[in-house]
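Each chain, written out:
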Amino acid sequence: MRKSLLLAATAALALAACGEKEESDAAAEAETDAAAETETAGPAADLPDEAKTQAELKADFEKLAAENLAASKAFLEENKARDDVEVTSSGLQYTVLEEGPKDGLSPDSTDLVVVHYVGTLKDGMEFDSSRARGAAAQFPLNRVIPGWTEGVQLMSEGDRYRFFVPPDLAYGEMGTPGGPIGPNEALIFDVELIKVQNAERNLETANAFLSENAKKEGVKATDSGLQYEVISKGPEDGESPDASDTVEVHYQGTLLNGTEFDSSYARGQTVEFPLNRVIPGWTEGVQLMSEGDKYRFFIPPDLAYGETGTPGGPIGPNEALIFEVELVSVK
């Protein structure tokens, strides 16, 4: 259609430039051109050009998909011959970069997992990275590409694997619309499994930890199950807060595996909040302190974030938490 319109416009310009023609001849020619434009540029004429364009686009896409598939197969065929590469029955390839502790949990497909990862195309182009964002990712393992669902279940907490994912276990014939992953692309992921989030297992782990921790010298427990130890004492005349008071604190929070999930020390700034607006373990525990004291709290799941954890992480369902808290002042 664009070509037809351009031809009609060229004819019109030629008519305007021809001053020696008779007015009647010009009018007649213009009428003929208008009729020709109507004939060539009308709705019926649009369809062949538009259909041809769509057909060309489809052909180009199919050609790219076929070329990528051939290149992916060649890459995977050569890659699986390496001594350090294992291959599953589905065609997923992987190599172990680093092994975590022997007691690390392995996930089921329905578990939430916390991971760090870097994803690249087979030519080395990075298309996604939790490390570049500076924050680990958390997601249900059955809500990602099949290569991830299968591969991460081979891992245990603390492991680092490299996965070579065939197109049919990645984004398949379509790729990701708009890029950066084209049709039939094989993908490479470096994955570190930080944590398996399973409510039942987390509760078992929390209970086992707290049971052993309660036996340690210097650790005390309240009737609610909150455990604490005194790290250092402040001045004798330091004020102790009530639940309705606002307190100023410095603190660090970690999971049982030592992962830090929050820290006012890291931010370099104390925090103020009403003591009755935080998790129950804090509301109870900080009332045991006086200004200047520093305590370590071991908080059972029911006094922390319970069965839901924190949506999107970093605290999973039924996680026991450890906080070091310094009570700076009572407001």
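Quick note: structure is the one above.
Can you lay out the environment of glutamine 93 for me, pointing to particular residues and giving the numbers?
For glutamine 93, the location among the structural elements is in strand 2 (residues 93–98). For glutamine 93, a relative accessible area of 3% corresponds to the buried category. Here the alpha-carbon distance between glutamine 93 and lysine 80, two residues 13 residues apart in the chain, equals 7.0 Å. Residue contacts for glutamine 93: discarding those within four places in its chain leaves Leu76, Asn79, Lys80, Val85, Glu86, Val87, Arg162, Phe163 and Phe164. Side chain to side chain, glutamine 93 and asparagine 79 meet in a polar contact 2.7 Å long.

Provide a residue-level description of the pattern of salt bridges, including the pertinent values.
Applying the stated rule across the entire model yields 17 salt bridges. Two residues, aspartate 84 and arginine 82, come together in a salt bridge whose shortest N-O distance is 3.1 Å. Aspartate 84 gets classed as partly exposed once you look at its relative accessible area, which sits at 39%.

Explain the environment of glycine 119 to me, using residue names and the numbers behind them.
Among the structural elements, glycine 119 can be located in strand 3 (residues 112–121). Overall, glycine 119 belongs to the buried group, its relative accessible area being 0%. A sequence separation of 11 residues divides glycine 119 from serine 130, and the C-alpha atoms of the two residues are 9.1 Å apart. Each residue touching glycine 119, except ones within four places of it in the same chain, is listed here: Met125, Glu126, Phe127, Asp128, Ile188 and Phe189.

Mind laying out the nonpolar core, listing which residues take part and the relevant values?
Core analysis: the biggest nonpolar cluster contains 25 residues, and Val115, Trp148, Val152, Phe163, Phe189 and Val191 have the highest contact counts within it. Looking at this core, the elements that each hand over two or more residues are strand 3, strand 5 (137–140), helix 5 (146–152), strand 6 (160–165) and strand 7 (187–197). With near-sequence residues (within four places) excluded, valine 191 lies in contact with Val115, His116, Tyr117, Trp148, Val152, Met155, Asp159, Arg160, Tyr161 and Phe163. Formed by 24 residues, the second largest nonpolar core is a distinct cluster that contains Leu226, Phe273, Trp282 and Tyr295.

What counts as what
Residues numbered from 1 in each chain as written. Predicted model: local features only at pLDDT ≥ 70, side-chain atom pairs only at ≥ 80, totals over all residues. Heavy atoms only, no water. Helix = DSSP H or I, 4+ residues; strand = E, 2+ residues; numbered from the N terminus. Buried < 20%, exposed > 50% of the residue type's maximum accessible area, 1.4 Å probe, protein only. Contact = heavy atoms within 4.5 Å. Polar contact = N/O pair within 3.5 Å; in protein donor to acceptor, adjacent residues only side chain to side chain. Salt bridge = Lys/Arg side-chain N within 4 Å of Asp/Glu carboxyl O. Core = buried A, V, L, I, M, F, W, Y, C linked by side-chain atoms within 4.5 Å.

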